[in-house]
Amino acid sequence: SAGAAITIAFTFFFTTESHGIHLVMRGMVTLLIAMSLYLVLLFGAPFSGDLRVSDSPFRFVQGVFRDAYADRL
C-alpha cells in the first residue's frame, strides 16, 4: 500500500539536513494524511455512494431468524 511505502520511506530522511528533503518529507506526510481522510470520507456512509454495501444479506438473515424463532417470541 502507498501508506506503508510512505511510512517506511519517511524513516530514511530523519538524519538529513537538507531543506529540500525535509520539504519532501512534509509532502509525503501530507499525502498520507490526505489519503487517510479520503478513505474516511469514502467509507463514512457505507450504504450510499459508489462503494455501497447492500443490506440484502442482513435482511435475509433477519428473515431466517424471524422464521426460526417465531414460536419463541
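Scroll up to find the structure this text is about.
Residues numbered from 1 in each chain as written. Predicted model: local features only at pLDDT ≥ 70, side-chain atom pairs only at ≥ 80, totals over all residues. Heavy atoms only, no water.

A. Region of the structure containing the overall build of the chain. The helix and strand inventory of the chain stands at three helices and zero strands. Counted from the first residue to the last, the chain has its helices and strands arranged as α-α-α. Summarising its shape, the C-alpha atoms of the chain cover approximately 75 × 25 × 15 Å along the three principal directions. Counting every position in the chain, which comprises 73 residues, the buried fraction comes to 7%. For the chain, the accessible area works out to roughly 6300 Å², and carbon and sulfur atoms hold 69% of it. Computed over 5 positive and 5 negative side-chain charges, the separation of the two mean positions in the chain equals 4 Å. (Helix = DSSP H or I, 4+ residues; strand = E, 2+ residues; numbered from the N terminus. Buried < 20%, exposed > 50% of the residue type's maximum accessible area, 1.4 Å probe, protein only. Areas by Shrake-Rupley, 256 points an atom, 1.4 Å probe, with all protein chains shown as cover. Lys, Arg positive; Asp, Glu negative; His and termini not counted. Charge placed at Lys NZ, Arg CZ, Asp CG, Glu CD.)

B. Spatial organisation of the packing of aromatic side chains. This structure, assessed with the given rule, holds one aromatic pair. Taking the centre distance of 6.2 Å and the plane angle of 35 degrees together, the rings of Phe-65 and Tyr-69 count as tilted. Classification of Phe-65 as partly exposed rests on a relative accessible area of 48%. (Phe/Tyr/Trp six-rings, centres within 6.5 Å; stacked < 30°, edge-to-face > 60°.)

The analysis is restricted to geometry; functional conclusions fall outside its scope.
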